[in-house]
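# Fold and geometry: a report
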Amino acid sequence: LVPGASLSFASVGAPFLVGWQLSIVSDTKAYMFNEETERAYVWNPRTMQLTGASLDLSIGGREGYNFAYAARDARLSGNFLFVPAYWYEENEFFSLRTTAALVIDVTRDRIVQIAEDERCAAFSLVPVPSGDIYAFPDGFFAREFYLDQPAPRRPLCAVRIRAGQVGFDPSYVLDLGALVGGDAMAGGAVQGGFGDGLGN
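It should be emphasised that the depicted structure is a prediction, and the values quoted were computed from it without experimental measurement.

Side-chain pairing between opposite charges can occur once the charged atoms of the two side chains come close. Tallying each qualifying case throughout the model produces six salt bridges. Between R119 and D117 there is a salt bridge, with its nearest N and O atoms 2.6 Å apart. Under the relative-accessibility criterion, D117 is labelled buried at 7%.

Turning next to the environment of I59. Along the chain, I59 falls in the loop between strand 4 (49–56) and strand 5 (66–69). The spatial distance from the C-alpha of I59 to the C-alpha of E38 is 9.1 Å, given a sequence separation of 21 residues. Every residue in contact with I59, bar those within four places of it in the chain, is listed here: L102, I111 and I114.

Turning to the sheet that holds strand 1 (residues 22–24), a few remarks are in order. Here four strands make up an open sheet; going across it, the order is 1-2-3-4 and the pairing antiparallel. Edge positions in the sheet fall to strand 1 and strand 4, since each of these pairs with one other strand and no more. For this sheet the average axis-to-axis angle between neighbouring strands, irrespective of direction, equals 25 degrees. Both strand 2 (residues 30–34) and strand 3 (residues 39–44) contribute to a ladder of five bridges, which runs antiparallel. Following the sheet pairing, F33 is matched in strand 3 by A40.

Inspection of the entire model under this criterion finds one disulfide. Paired through a disulfide, C120 and C157 show a sulfur-sulfur distance of 1.7 Å. In this structure, the disulfide formed by C120 and C157 twists by about -120 degrees around the S-S bond and is classed as left-handed. Of this pair, C120 sits in the loop between strand 9 (110–117) and strand 10 (124–127) while C157 sits in strand 12 (residues 157–161), placing them 37 residues apart in sequence.

Rules of the game
Residues numbered from 1 in each chain as written. Predicted model: local features only at pLDDT ≥ 70, side-chain atom pairs only at ≥ 80, totals over all residues. Heavy atoms only, no water. Salt bridge = Lys/Arg side-chain N within 4 Å of Asp/Glu carboxyl O. Buried < 20%, exposed > 50% of the residue type's maximum accessible area, 1.4 Å probe, protein only. Helix = DSSP H or I, 4+ residues; strand = E, 2+ residues; numbered from the N terminus. Contact = heavy atoms within 4.5 Å. Pairing = 2+ DSSP bridges. Axes fitted to C-alpha atoms, helices over the stretch in contact; angles between N-to-C directions. Disulfide = S-S within 2.5 Å.

Everything listed is a geometric property; what it means functionally is a separate question.
Structure follows, in structure tokens:
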């Protein structure tokens, strides 16, 4: 191994970081998400330099809830980066039980909106060759969303964002239980893992 260029984020309030804070879009564009400063900082992986641009993550603030996101699991479709997000209550860790994604225009380095859908509680974003992105439930909130809820429980389902769009498609919802000939709970939840940056 030969030492190369390095970059410190200490100047923007992050003396250390972990992989889940980073979302690398291309050879020349990446974001570092910092919960402490409630900002995402733009940097260039090729030059290993901050660009000086940043995004205000306080847009996700809701009274009584913390706003969290999974930068490492972000998915790119066209010029938009979709970052899985959720809100949770600090003491009991209860969430709002919705599907959400922070939508970033990577050409302008600006937050377009927070897309949210109340029909499903999904967190894993899966892109397909058409550019559509599907959101599936995973095991992260499985107990809260499905196992601890009194009957009738919220169904296990998936929703999508069409290519070129920044919000969830109101005409589409996939009942995962029905796919396997069972009830609303029979579809199971996607087992989360470590993303490889390619949507796998």
